[in-house]
Amino acid sequence: DVVETLETQILRVNEQLDNSQRPINKYIYLMNLLETNETLFFKTISSKPSKFLPLVYTPTVGEACEKLGHLARRPRGLYISINQKDNIKEILRNWPVDDIRFTVVTDGERILGLGDLGINGMGIPIGKLILYTSCAGVPPEHTLPIILDAGTNNEDFLDDPLYPGLKQKRIKGKEFDDFIDAFVVAINEVFPKICIQWEDFAGFDAIRILNKYQDKICTFNDDMQGTAAIATAGFIAISRLLKKPFKEQRFLFLGAGAAAFGIADMLVHKFQKDGLSKEEALNQIWMFDVNGLLVNARTDLADYQKTFAHEGELSTDFAESILKIKPTAIIGVSTIGGAFNQQIIENMSLVNERPIIFPYSNPTSHSECSAENAYNWSKGKAIFASGSPFAPVTYEGKTFTPGQGNNVYIFPAMGLAVFATEATRVTDEMFITAAEAVAEQISEEDFENGLIYPNIDSILEVSLNVAIKVTKQIFDSGLARVERPADIKAFIKSKMYEPAYK
């Protein structure tokens, strides 16, 4: 008898994947592998993250979500409808594992940059939890993907006989809030050590839900805090490698929704940590939305936007605003593909020796600017990082490797630290610690080649280093439910899942 090693089996997986041309077919193959051989699946993903993460998560997961009703195999995770609001505990108790530590939850209203996908958005919680395990070793049996079905406003799905969710318009307001509340109470009762990660809720709901529960339970919002931390990590790394104090950075956002607010909030925390007052910190951050620059004279601002509004003239021209504000960095969180045009990049290059260009919207089709345009229009001066992956770009003989500000450097490591310590809360300080820990892992050589984030293929090692720092922070803050060990690194490693045949 031949007993095949995992390595041999991975060779076969690779060969079968290479026979498929379309990423969506590779996604389906890998999801089937997850159902039939979890160990081989996770060993495969962690063998070459740069190859497999784009197949099990962005960008491929976007297409998988859009087609979920038509691709449905064996369902993973729990689907909870607003009509089951009074029976959530019973539904949760049907799950075969008693000790769930992580759930990624969405209501499917704002999936990536694709909009309202209703319960077809389930691909996102499934994908995120795959990353917890494959990028940071969180044991998969302690994770549970959940989608909360409150209807959908997507007419195509309402008319589609294969759409698997509630065929009704979204329920909003108090009824929706009561549903979220019932879910939070039930899941904390059934799984007392749970950490809830909110994902892809519409901006207004995302901010409200996080504010309501952040100080009461163990919870965070990855679109706001994870995205914010990885963006902040990029700016910390750039400042260090340009030998320039972080507090001299000045930011201009295109887009002023939940993602912008999350990043801006974390930048304020970091500025304050580095010695600025709150007022000074706020002065370094400007925002621009569909109606132009956020200035005090505007009467249409939401409460959370008013914090970042300044004295100044209203401007509806982003390129012109760059010349006035002179930001060191522009951050795109608008989901408008190509919004950073040639004029904008050229203006950034006029006011900066090394303009920082961060088009953060996902998926690739919604990115505010491609890497190629950023490097060409800035004549090779741009420091570039995006939310979606871009291939290396050669400009005048020099090859640049575009950075991808992927939350995967942050939330799986955060998850590992929370899992190990059984933390009672997730705080902004923990995210800033994570951002600093990611930024420390960029070498001068990486930076010379355009990189401002670590190599994705060393993600397990990066996550371990981040988790160690965050774990120390959790113990220092008195948020752990376990005794502080003498050797934190050994303690963390002992908690990590290792995909191997027993």
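The structure under discussion appears in the preceding block.
Remember, it's a predicted structure, so these values are computed and weren't measured experimentally.

(A) Main features of the overall build of the chain. Each helix and strand counted, the chain has 23 helices and 14 strands in total. At 22 Å, the chain has a C-alpha radius of gyration in line with the 23 Å of a compact globule built from 502 residues. Seen through its C-alpha atoms, the chain measures out along the principal axes to roughly 65 × 55 × 50 Å. Relative to its full complement of 502 residues, the chain shows a buried share of 59%. Looking at the chain alone, contacts between residues at least 24 apart form 72% of all its contacts between residues at least 6 apart.

(B) Up close: empty space enclosed by the protein. In total, this model carries two cavities of 30 Å³ or more according to the counting rule given. What the largest cavity holds in volume is close to 50 Å³. If you go around the largest cavity, the residues you meet are R354, Y375, A382, I383, F384, F400, F447, G450 and I452. For the lining of the largest cavity, the per-class residue count stands at seven nonpolar, one polar and one charged. In this model, the second largest cavity occupies a volume close to 30 Å³. Partitioned by chemical class, the residues of the lining of the second largest cavity number four nonpolar, no polar and four charged.

(C) Spotlight on the environment of A319. Among the secondary structure elements, A319 is positioned in helix α16 (residues 318-325). On a C-alpha basis, the gap between A319 and Q342 in space is 9.4 Å, while along the polypeptide they are 23 residues apart. If we skip the residues at most four places from it in the chain, A319 touches Q343, I344 and N347.

(D) Highlighting the packing of aromatic side chains. For the structure on display, the rule yields 24 aromatic pairs. Summarising the aromatic geometry, the rings of W198 and Y213 are spaced 6.3 Å apart at their centres and angled 25° between planes, so their arrangement reads as stacked. One end of the pair, W198, is in strand β4 (residues 195-198); the other, Y213, is in helix α11 (residues 203-213), with 15 residues separating them in the sequence. With centroids separated by 5.4 Å and ring planes inclined at 5°, the aromatic side chains of F358 and Y360 adopt a geometry described as stacked. For the pair formed by F358 and Y360, the shared burial category is buried. Through a chain of ring-to-ring contacts, the aromatic side chains of F235, F246, F251, F271, F358 and Y360 assemble into a single cluster. A cation over a ring is seen here: K172 above F176, with NZ or CZ 5.2 Å from the ring centre. In this structure, K270 packs its charged tip against the face of F246, placed 5.7 Å from the ring centre.

(E) Quick look at the layout of surface pockets. Volume-wise, the largest pocket comes out at about 920 Å³. Every residue lining the largest pocket is counted, 46 residues in all, and those nearest its centre are R110, A259, V333, T335 and S361. Among the secondary structure elements, those contributing two or more residues to the lining of the largest pocket are α8 (123-136), α11, α12 (222-241), α13 (258-273) and β7 (285-289). When its residues are assigned to classes, the lining of the largest pocket shows 19 nonpolar, 18 polar and nine charged. Within this model, the second largest pocket holds a volume of roughly 470 Å³. S50, P389, P402, Q404 and I456 are the residues nearest the centre of the second largest pocket, which is lined by 25 residues in total. At the level of elements, α4 (49-56) and β14 (403-404) are the ones that each hand at least two residues to the lining of the second largest pocket. Of the residues forming the lining of the second largest pocket, the biggest block, four residues, is contributed by α4. Looking at the lining of the second largest pocket residue by residue, the class counts come to 16 nonpolar, eight polar and one charged.

(F) Broad picture of the sheet that holds strand β9 (residues 329-332). Spatially, seven strands are ordered β8-β7-β6-β9-β10-β11-β14 in an open sheet, and the strand pairing comes out mixed. Edge positions in the open sheet fall to β8 (292-293) and β14, since each of these has one partner strand only. In terms of strand pairing, strand β10 (residues 356-359) meets strand β11 (residues 383-386) through two bridges, oriented parallel. Bridging from a neighbouring strand, I356 pairs with I383 of β11. Packing of α12 onto the sheet brings it into contact with β6 (251-254), β9, β10 and β11, and relative to β10 it is tilted by some 165°.

(G) Fine view of the sheet that holds β4. Ordered by their spatial adjacency, five strands build an open sheet running β1-β3-β2-β4-β5, and the pairing between neighbours is parallel. Each edge of the sheet is formed by a strand with only one pairing partner; in this case those strands are β1 (78-81) and β5 (219-221). Along the sheet, successive strands turn relative to each other by an average axial angle of 25°, direction set aside. Where β1 meets strand β3 (residues 143-149), four bridges bridge the pair, whose relative direction is parallel. When the bridges of β3 are listed, I80 appears paired with L148. Its contacts with the sheet place helix α19 (residues 411-421) against β2 (102-106), β4 and β5, and it is angled at close to 135° to β2.

Cut-offs and rules
Residues numbered from 1 in each chain as written. Predicted model: local features only at pLDDT ≥ 70, side-chain atom pairs only at ≥ 80, totals over all residues. Heavy atoms only, no water. Helix = DSSP H or I, 4+ residues; strand = E, 2+ residues; numbered from the N terminus. Rg over C-alpha atoms; globule rule 2.2 N^0.38 Å. Buried < 20%, exposed > 50% of the residue type's maximum accessible area, 1.4 Å probe, protein only. Contact = heavy atoms within 4.5 Å. 1 Å grid on protein atoms, 1.4 Å probe; cavity = no way out; pocket = protein on both sides within 12 Å on 5 of 7 lines; lining within 4 Å. Points joined across faces, edges and corners; volume = space filled by probe spheres on them. Nonpolar A, V, L, I, M, F, W, Y, C, P; charged D, E, K, R; others polar. Phe/Tyr/Trp six-rings, centres within 6.5 Å; stacked < 30°, edge-to-face > 60°. Lys NZ or Arg CZ within 6 Å of the ring centre and 35° of its normal. Pairing = 2+ DSSP bridges. Axes fitted to C-alpha atoms, helices over the stretch in contact; angles between N-to-C directions.

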